[in-house]
Amino acid sequence: MAQILINGEQVQAKSGEEMPVVNPATEEEFDAVPKGGADEVDAAVSAAKEAFKEWSKKDPDDRAQLMRAGIAKIQENGKEIAQLLVREQGKPFSEAMGELHHFLHGMNYYADLASKIEGTYATLPSALGRAYGMVVKKPIGVCAAIVPYNFPLTLMGTKVGPALAAGNTIVVKPAETTPLATLRVAELMQEAELPPGVLNVVTGPGKEVGEALATHPDVRRVALTGSTQTGRRIMELAAPLFKRVSAELGGSDPVIVFPDADVDAAVRGINIGRFFNAGQACLAAKRVYVFDEVYEEFMEGITKRVTRYELGDGMEKAEKPKIRMGPLNAAKHRDLLADQLQDAVDGGAKVAVGGNGHNGKGYFFEPTVIENAPHGSRVVREETFGPLLPVFKVSDVDEAIRLANDSPYGLGSSVYTHNVKWIHRASQEIEAGMTWVNQLHFGYDELPFGGVKESGIGREHGKEAIEHYLEQKSVVVGGLE
Ligand code: NAD
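Notes on the structure in this doc start here. Just so you know, these numbers come straight off a predicted model, no measurement behind them.

1. Regarding the packing of aromatic side chains
Reasoning step 1: By the definition in use, this model includes eight aromatic pairs.
Reasoning step 2: Plain terms: the ring middles of tyrosine 149 and phenylalanine 385 are 6.0 Å apart, the flat faces sit at 85° to each other, and that makes the pair edge-to-face. Taken together, the residues span a long stretch of sequence, with tyrosine 149 in the loop between strand E7 (142–146) and helix H5 (152–165) and phenylalanine 385 in the loop between helix H12 (378–381) and strand E18 (388–394) at a distance of 236 residues. As far as the burial class goes, tyrosine 149 and phenylalanine 385 line up, both buried.
Reasoning step 3: Ring centres of phenylalanine 258 and tryptophan 422 lie 5.0 Å apart, and the angle between their planes is 20°; on these two criteria the pair is classed as stacked. In this pair, phenylalanine 258 sits in the loop between strand E12 (253–257) and helix H9 (263–275) while tryptophan 422 sits in helix H14 (residues 420–429), placing the two residues 164 residues apart along the sequence.
Reasoning step 4: Classification of phenylalanine 258 as buried rests on a relative accessible area of 0%.
Reasoning step 5: You can call tryptophan 422 partly exposed: its relative accessible area is 22%.

See below:
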């Protein structure tokens, strides 16, 4: 059984309780982790606080070198980690390797930035005499990373990378269902000589471990990726102590396919954008608005593509030309998606392809495309976190943008057009943290990533992210006469 990692040591939970880890493709309980709680959070935070004293003072190049040693060790063990990810998360092995690669790329990016954190200075003409002022950037202290189940490694990396590079220490709380790859990666970083206490991992329920981190007085910053509901709760809990919080939350990303679009490119992009990771992505293409002129061509293309998926265990490859799609991560996610689909169908939506669960073992859901869902139905109002794509017909740009914005969420968005006027209008007027043009969520570690409205606050990725892990201090030096 994997153990909690505190201060470089593997420990059990004081409670002695365990949480099973289930393979969502087979429903088999294949491992377990300790059910941590407030005691383990206390121990991990105090280890991180102690480690901060040295880590924050290290030469940034040394910090980067220690991060890179960990990255190399993880790379050497990549296959084993990807297999763990498949078994606990359900994604196909090739997607798990892709996630690992993305995680390592992000960690390397932040290791490179460690030595490039710069303050600023200014000479100040002052009535009090000559002086110069500096803005000094300092690490914050102990940070907490609360991570969801859909991309356990990449979404840990987007927090651990900038936190460690900036000189902070961290306690990671993985999702209940996906703790194993996270623990293994942290162990390997430890073996590669990361000082004890710099990176700690506490497994356990969100309500206990997550809330204990959000309220702990020594945790200065909380980085959450998760649902909007959890984001709200963490912000409430962190507010009394004015902790810094970033919350990367749910999304219901719209895509507009304009009349001049390369429809084939739109079909390819939306197919991957919606069905990758069995649709369990915050920035998946969750609503598609297609102009009348190209609607039929789009529907023909997307339904043909979607019938190519074959559901099955992510450890096995699909027979070509089929493409493997894994299960949803838990039964409750499959059941919620079925309820959202039923609500749309009750409101008059037509299922163009798919629409069924799966009779055998595993939390599978058929890739599904629907038309004519009412805009007030749950597939529009709520986030759909699985392989379900509602397509809507639109006739003009105003209507397309109005419907794209008719959502409580504002994470990503995409448009397929070569018309510069429409590109400008869409990128200015769609309420979202990101707009992609003629492609779908091409992951850029170098560009800030995050949402508006109920998709959260703060930004990950890019140089901007590291600023969220730094305090600014103004220092004025006088007495120069
Ligand atoms: P979730 O909110 O249920 O859980 C996320 C994490 O928060 C888990 O580690 C969980 O244990 C913890 N948690 C749950 N309740 C908590 C509480 N009361 N206090 C503290 N921590 C708590 O989300 P999920 O179901 O694991 O993940 C799916 C959600 O994550 C979707 O809404 C998805 O859109 C979102 N997401 C957002 C992004 C983004 O970058 N915006 C990326 C990926 C996933």
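2. Considering the environment of glycine 231
Reasoning step 1: For glycine 231, the location among the structural elements is in helix H8 (residues 228–238).
Reasoning step 2: Taking the C-alpha atoms as reference, glycine 231 lies 39 Å from glutamate 300; in sequence the two are 69 residues apart.
Reasoning step 3: Residue contacts for glycine 231: discarding those within four places in its chain leaves Leu224 and Leu249.

3. Notes on the site of the ligand
Reasoning step 1: The local shell around the ligand holds 29 residues, among which Val147, Glu176, Thr230, Leu249 and Glu383 are the closest.
Reasoning step 2: Contact distances for the ligand include 2.8 Å between a nitrogen atom and a side-chain N or O atom of glutamate 211.
Reasoning step 3: Within the side chain of serine 227, a nitrogen or oxygen atom sits 2.8 Å from an oxygen atom of the ligand.
Reasoning step 4: For the ligand, the accessible surface in isolation is 850 Å², of which the surrounding protein chains cover 89%.
Reasoning step 5: More than half of the atoms belonging to the ligand lie within 2 Å of the grid points that define the largest pocket.
Reasoning step 6: Taken together, the residues of the shell around the ligand sort by class into 14 nonpolar, nine polar and six charged.
Reasoning step 7: Residues from two domains meet in the shell around the ligand; each of domain 1 (4–249 + 456–476) and domain 2 (253–443) gives at least three.

4. Overview of the pairing of strand E10 (residues 219–225)
Reasoning step 1: Burial within E10 is extensive, with six of its seven residues counted as buried.
Reasoning step 2: Of the strand pairs in this sheet, E7 and E10 are connected by five bridges, and their pairing is parallel. Paired with valine 142 across the two strands is valine 219, which belongs to E10.
Reasoning step 3: As judged from the five bridges shared by E10 and strand E11 (residues 244–248), these two strands associate in the parallel manner. Residue threonine 225 lies in a different strand from E11, and its bridge partner there is glutamate 248.

Rules behind the numbers
Once a new chain begins, its residue numbering starts again from 1 and follows that chain's sequence as written. The predicted nature of this model means local features are confined to residues of pLDDT at least 70 and side-chain atom pairs, given and counted, to a pLDDT of 80 or more, with totals for whole chains, interfaces and linings taken over all residues. The side-chain figures draw on all heavy atoms in the structure; neither hydrogens nor water molecules are used. Between rings of Phe, Tyr and Trp, where Trp is taken as its six-membered ring, a pair exists when centres lie within 6.5 Å; planes separated by under 30 degrees are stacked, by over 60 edge-to-face, and by other angles tilted. Here a helix means four or more residues in a row that DSSP labels H or I, a strand means two or more in a row labelled E, and each is numbered from the N terminus. Remark: exposure states derive from per-residue accessible area (1.4 Å probe, protein chains only) relative to the maximum for the residue type, with buried under 20%, exposed over 50%, and partly exposed in between. It only takes one pair of heavy atoms within 4.5 Å for two residues to be counted as in contact. Throughout, near means a residue has at least one heavy atom within 4 Å of the molecule or strand. Definition of a polar contact: a pair of N or O atoms within 3.5 Å, with one able to donate and the other able to accept a hydrogen when the atoms are protein atoms, and with sequence-neighbouring residues admitted only if both atoms are side-chain atoms. All accessibility values rest on the Shrake-Rupley procedure with a 1.4 Å probe; residue burial counts only the protein chains present in the view. Method remark: on a 1 Å grid restricted to protein atoms, a set of points is classed as a cavity if a 1.4 Å probe fits but cannot get out and as a pocket if it is open with protein on both sides within 12 Å along at least five of seven lines; lining residues have an atom within 4 Å of a point. Each molecule is checked against the cavity or pocket grid, and it sits inside if more than half of its atoms lie within 2 Å of the grid points. Each residue is assigned to one of three groups, with Ala, Val, Leu, Ile, Met, Phe, Trp, Tyr, Cys and Pro labelled nonpolar, Asp, Glu, Lys and Arg labelled charged, and all others, Gly among them, labelled polar. All domain edges in this entry derive from an automatic or database-based domain assignment. Here, any two strands with at least 2 DSSP bridges between them count as paired.

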